[in-house]
Amino acid sequence: MLVIEGLQVEVGGRMLLKRIDLEIKPGETHILFGPNGSGKTSLLMAIMGFPNYMVRGGHIYFMGREITGLPIHERARLGLGMSFQRPPTMHGLKTRQIVELCARGKVDAASLARRINMEHLLEREVNAGLSGGEIKRSELLQLMAQDPDLLLFDEPESGVDLENIALVGKTVAWMLQKDVEPAQGEPPPLRESRRQRTKMGLIITHTGHILNYLEADRGHVLFDGQLCCLGNPREILGCIGRFGYEECLRCLTATG
Amino acid sequence: MLDRDGLRARALAALDKPAKLGADLDLNRYEKASPPRPMLSASELRSLPTADRQRMLLAGVDLNGRDRCGTYLLVDTSVLHCSSQQEGVEVTPLTGALESLAWLGDYYWKLVEVDADKYTASAELDLHDGFLIRALPGSRSIHPMQACLYLDREGLQQNVHNIVIAEEGSELHVISGCTTSTRLRGGLHVGVTEFFVKKGAKLTFTMIHNWTEDMAVRPRSAARVEESGLFVSNYVCLKPVRSLQGYPTACLAGPGSVARFYSILAGSPVSDIDLGGRVVLEEPGCRAEIVSRAITNGGRIMARGQLIGKATGIKAHLECRGLIMGGGAMLAVPELEGHADGVEMSHEAAVGKIAQEEINYLMARGLDEEEAVSTIVRGFLKVEVPGLHPLLQAELDRAVTATQEKSM
Ligand SMILES: Nc1ncnc2c1ncn2[C@@H]1O[C@H](COP(=O)(O)OP(=O)(O)O)[C@@H](O)[C@H]1O
Ligand SMILES: [Mg+2]
């Protein structure tokens, strides 16, 4: 379980996140909405422990343990993982190698890559000269290899072409154990463990396309440094689509 | 004709002439002679002490001869072994060749000036030995010829002169490993190498240097490439070295010829390294590439590169990247000179530290900071050389990985 209490985060000299409270239980997937620049990425970076995103107040707990001050890699080893919106290019490091690093050695990179249509890019340098959609798939591939318990997705479907959007959507759903039917050719042990859904997810989305592929439990809107509403993600998305963020927030705060 | 007396006279006159670049070494501090050692058979080579063979292996020289077409071994001042298993590829100790092969006068000291500085002069006056490697016209060898220049005697100045000739239409690969025994603390290695790549020939030369903290090294090398020829020079020096200065030069003398210089360097806190690469493109359609990667670790590294374009339709690129880790200084000096219309030359140089963003990214994948840094450094040092045979690329990668494992 992920528990965030009264989190305050300073970014670039500005208190961007003023008071964040959030709870994600095992098996739950939450959706994070919010206008551009509202701090969605910053929230994920702070959860993951990136030092530029300075926690000025509050607490983050994961699986009953306080992780607020832990370095990034210790959080990763406790089971937090993230798919980045704009990952850096890693010269001299091949995608195959980073996949092996993510999995700490024990992985069949080719068969994982096949799942996400990345097989032909395994020998390329990580993110070097990749298109927007390819970068998203590369991020998913690494996260699959890492196999964390809490998966943070930063706009996994942005920039992905129509051909691959279903693939990305279904893969995210599969990683979060939210797929309706088990995927074809999936190894039995994984299917077994799936009966007991344990993975937690937090997905940032602009378009909401991802909601066509998985059943999310809750939606949040990040506005003015706070998560100001909690509700059914589809309803929130519909509301934002119709009225825009400000109007939508007024409505939701009024009724909620 | 070989005029040794004339060369000697010029050398004598240059014996006190400092080099244009690099620290000025006092050659009187070094011994010029060592007791001669007997020749060894191939099987005797395999029974040399394990520690010595291990040092050679780290420098890319495998005395078992696996995947090699021949072996040359110089220890201190004596040639211990010299043999080729490949038809069409000859290897001969240079001192012997100078006595028996009159035509060598057309090659010996023809690309490097004997009176360039005190090091070239000294290499002529107190020549110990070196190798002549020659690929006969049209011959093709996949497996490289290996040459090891080994230093065992404390305080010795080892003077080596090598000549490599790839005759018309031939393909030749050479691995040259220069290293020292584990006992040795310091000495001086002066290595003159002249490369001749004839019409349509292909020569790759991969040089791996593994020195010790107190070694001084003065490579003096030059190449001449004829029409449609290809010369690839790879240089790896990742172990500590006190003082290293060299500025290998390739002259592209025939239309459509190509030269590539790749160097991978790491300095220790005591290192003073000044290494360059220069290509003169004299004919239309010539191509050149100079790539250098260097890491300082408290020492000082000067990475120079120069491209001189003298004909239309030439294309050349210079890339120089440096990382500063744990202090020190890294200087990148790229120079471009165009002397004709329609030359296309470019350079990129970057000096910096490892991007924190990249470290964090790998840490988010579960690597601790140290693992992340060494992964990035390995990637930085990994250079893929276009056209390099996979076997040699593997050898290059192995040299980089092996030294990283020991030092990081
Ligand atoms: N590392 C950083 N340094 C300085 N400012 C940053 C940094 N990261 C984000 N910001 C700023 O913080 C604000 C929120 O950014 P971000 O979290 O990326 O928003 P979102 O993901 O919701 O679009 C923006 O104004 C952005 O410019
Ligand atoms: Mg964002």
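Residues numbered from 1 in each chain as written. Chains lettered and ligands numbered in written order. Predicted model: local features only at pLDDT ≥ 70, side-chain atom pairs only at ≥ 80, totals over all residues. Heavy atoms only, no water.

## Some points on the nonpolar core
Phase 1 of the analysis: Ranked by size, the top nonpolar core spans 72 residues in total, and within it Ile47 and Met48 of chain A carry the most contacts.
Phase 2 of the analysis: Residues from two domains meet in this core; each of domain 1 (1-78 + 217-256) and domain 2 (81-155 + 164-206) of chain A gives at least three.
Phase 3 of the analysis: Not counting chain neighbours up to four residues away, the residues in contact with isoleucine 47 of chain A comprise Leu2, Ile4, Ile60, Ile67, Arg75, Leu80, Leu150, Leu152 and Leu202 of chain A.
Phase 4 of the analysis: Among the nonpolar cores identified, the runner-up in size contains 60 residues, and Met145, Val197, Ala303 and Ile314 of chain B belong to it. (Core = buried A, V, L, I, M, F, W, Y, C linked by side-chain atoms within 4.5 Å. Buried < 20%, exposed > 50% of the residue type's maximum accessible area, 1.4 Å probe, protein only. Domains from an automatic or database assignment. Contact = heavy atoms within 4.5 Å.)

## Observations regarding the coordination of the magnesium ion (ligand 2)
Phase 1 of the analysis: Taken together, Thr41 of chain A (OG1) and Gln85 of chain A (OE1) make up the protein donors of the magnesium ion (ligand 2), found 2.0 to 2.3 Å from the metal. Here the residue threonine 41 of chain A occupies a position in helix 1 (residues 40-48), and glutamine 85 of chain A occupies one in the loop between strand 6 (80-83) and strand 7 (90-94), the gap between them amounting to 44 residues. (Donors = N, O, S within 2.8 Å, 3.2 Å for Na, K, Ca; no water. Helix = DSSP H or I, 4+ residues; strand = E, 2+ residues; numbered from the N terminus.)

## Digging into the packing of helix 3 (residues 95-102) of chain A against helix 5 (residues 132-146) of chain A
Residues and elements named next belong to chain A.
Phase 1 of the analysis: Following both chains from N to C, one finds helix 3 and helix 5 inclined at 30°, their axes separated by 7 Å at the closest point. As the angle between them shows, helix 3 and helix 5 are arranged roughly parallel. Crossing handedness for the pair helix 3 and helix 5: right-handed. The residues of helix 5 that touch helix 3, namely those facing Thr95, Ile98, Val99 and Cys102, are Leu141, Gln142, Ala145 and Gln146.
Phase 2 of the analysis: Of the residues that constitute the contact of helix 3 with helix 5, the class distribution is five nonpolar, three polar and no charged. (Axes fitted to C-alpha atoms, helices over the stretch in contact; angles between N-to-C directions. Parallel < 35°, antiparallel > 145°, perpendicular 65-115°, else oblique. Left-handed = near helix turned anticlockwise from the far one by under 90°. Nonpolar A, V, L, I, M, F, W, Y, C, P; charged D, E, K, R; others polar.)

## Focus: the environment of alanine 173 of chain A
Residues and elements named next belong to chain A.
Phase 1 of the analysis: Note that alanine 173 resides in helix 6 (residues 162-175).
Phase 2 of the analysis: Take alanine 173: its relative accessible area is 0%, and that puts it in the buried class.
Phase 3 of the analysis: Between the alpha carbons of alanine 173 and asparagine 127 there is a distance of 23 Å; along the sequence they are 46 residues apart.

## Concerning the packing of aromatic side chains
Residue and element names in this part refer to chain B.
Phase 1 of the analysis: One pass over the full model with this rule turns up nine aromatic pairs over all chains.
Phase 2 of the analysis: Between phenylalanine 195 and phenylalanine 231, the ring centres sit 4.9 Å apart and the planes meet at 45°, which makes this aromatic pair tilted. With a gap of 36 residues between them, phenylalanine 195 in strand 8 (residues 186-197) and phenylalanine 231 in strand 11 (residues 230-237) connect regions that are remote in the sequence. Across the pair, exposure class does not vary: phenylalanine 195 and phenylalanine 231 are buried alike.
Phase 3 of the analysis: Taken together, a centroid distance of 6.1 Å and an interplanar angle of 85° make the contact between phenylalanine 231 and phenylalanine 261 edge-to-face. With a gap of 30 residues between them, phenylalanine 231 in strand 11 and phenylalanine 261 in strand 14 (residues 258-266) connect regions that are remote in the sequence.
Phase 4 of the analysis: Overall, phenylalanine 261 belongs to the buried group, its relative accessible area being 6%.
Phase 5 of the analysis: Over the face of the ring belonging to phenylalanine 380 we find arginine 293, whose NZ or CZ atom lies 5.8 Å from the ring centre. (Phe/Tyr/Trp six-rings, centres within 6.5 Å; stacked < 30°, edge-to-face > 60°. Lys NZ or Arg CZ within 6 Å of the ring centre and 35° of its normal.)

## Side note on the sheet that holds strand 2 (residues 78-84) of chain B
Residue and element names in this part refer to chain B.
Phase 1 of the analysis: Strand order across the open sheet formed by 10 strands is 2-1-5-7-9-11-14-17-19-21, with mixed pairing between neighbours. Each edge of the open sheet is held by one strand with a lone partner, namely strand 2 and strand 21 (344-352). Averaged over all pairs of adjacent strands, the angle between strand axes in this sheet comes to 5°, irrespective of strand direction.
Phase 2 of the analysis: The sheet contact formed by strand 7 (residues 171-180) and strand 9 (residues 202-210) spans nine bridges and is parallel. Pairing of isoleucine 175 across the sheet is with threonine 206, part of strand 9.
Phase 3 of the analysis: Strand contacts of helix 3 (residues 50-58): strand 1 (70-75), strand 5 (145-151), strand 7 and strand 9, with the helix running at about 125° to strand 5, the strand carrying the most contacts.
Phase 4 of the analysis: Packing against the sheet, helix 7 (residues 369-381) makes contact with strand 14, strand 17 (287-296) and strand 19 (315-324), and its axis sits at approximately 155° to strand 17. (Pairing = 2+ DSSP bridges.)

## Here's the deal with the interface of chain B and chain A
Phase 1 of the analysis: The interface of chain B with chain A comprises 18 residues on the first partner and 28 residues on the second.
Phase 2 of the analysis: Sorting the residues of chain B by area buried against chain A places Tyr361, Ala364 and Arg365 of chain B first, and these three jointly supply 38% of that buried surface.
Phase 3 of the analysis: Between arginine 104 of chain A and glutamate 371 of chain B there is a salt bridge whose closest N-O contact spans 3.3 Å.
Phase 4 of the analysis: At the junction of chain B and chain A, the tally comes to 11 residue pairs in polar contact (both at pLDDT 80 or more).
Phase 5 of the analysis: Elements supplying a minimum of two residues to the side of chain B that touches chain A: helix 6 (356-363) and helix 7 of chain B.
Phase 6 of the analysis: When residues of the side of chain B that touches chain A are assigned to their parent elements, the largest contribution, six residues, is made by helix 6 of chain B.
Phase 7 of the analysis: Taken together, the residues of the side of chain B that touches chain A sort by class into seven nonpolar, four polar and seven charged. (Buried area = accessible area lost by both parts, 1.4 Å probe. Salt bridge = Lys/Arg side-chain N within 4 Å of Asp/Glu carboxyl O. Polar contact = N/O pair within 3.5 Å; in protein donor to acceptor, adjacent residues only side chain to side chain.)

## Re empty space enclosed by the protein
Residue and element names in this part refer to chain B.
Phase 1 of the analysis: In this structure the tally under the stated criterion is two cavities of 30 Å³ or more.
Phase 2 of the analysis: Taken as a whole, the largest cavity holds about 350 Å³ of empty space.
Phase 3 of the analysis: Surrounding the largest cavity, 35 residues form its lining, Met207, Ser221, Ser233, Tyr235 and Pro248 being those nearest its centre.
Phase 4 of the analysis: With five residues, the single largest contributor to the lining of the largest cavity is strand 10 (residues 214-225).
Phase 5 of the analysis: In terms of residue class, the lining of the largest cavity is built from 20 nonpolar, 14 polar and one charged.
Phase 6 of the analysis: Lining the second largest cavity are Ile290, Ser292, Ala303, Arg304, Gly305, Leu318, Glu319, Cys320, Val333 and Pro334.
Phase 7 of the analysis: Broken down by secondary-structure element, the contributors of at least two residues to the lining of the second largest cavity are strand 17, strand 18 (300-309), strand 19 and strand 20 (329-338).
Phase 8 of the analysis: Considering only residue class, the lining of the second largest cavity consists of six nonpolar, two polar and two charged. (1 Å grid on protein atoms, 1.4 Å probe; cavity = no way out; pocket = protein on both sides within 12 Å on 5 of 7 lines; lining within 4 Å. Points joined across faces, edges and corners; volume = space filled by probe spheres on them.)

## Notes on the environment of glycine 64 of chain A
Phase 1 of the analysis: Along the chain, the position of glycine 64 of chain A falls in the loop between strand 4 (53-62) and strand 5 (65-66).
Phase 2 of the analysis: As for glycine 64 of chain A and methionine 1 of chain A, which are separated by 63 residues in sequence, their C-alpha atoms are 7.2 Å apart.

## Let's talk about the layout of surface pockets
Residue and element names in this part refer to chain B.
Phase 1 of the analysis: Its volume calculated, the second largest pocket comes out at about 570 Å³.
Phase 2 of the analysis: Around the second largest pocket, the lining is made up of 22 residues, and of these Lys20, Ala116, Arg220, Tyr247 and Arg278 lie nearest the centre.
Phase 3 of the analysis: When residues in the lining of the second largest pocket are grouped by element, the largest group, four residues, is from strand 10.
Phase 4 of the analysis: Counted by class, the lining of the second largest pocket contains 10 nonpolar, three polar and nine charged residues.

## Focus: the pairing of strand 7 of chain B
All names here are of chain B.
Phase 1 of the analysis: Within strand 7, 10 of the 10 residues are buried, leaving the element largely enclosed by the surrounding structure.
Phase 2 of the analysis: Bridge analysis of strand 5 against strand 7 gives seven bridges, and the strand direction is parallel. From the neighbouring strand, cysteine 148 faces strand 7, where its bridge partner is glycine 177.

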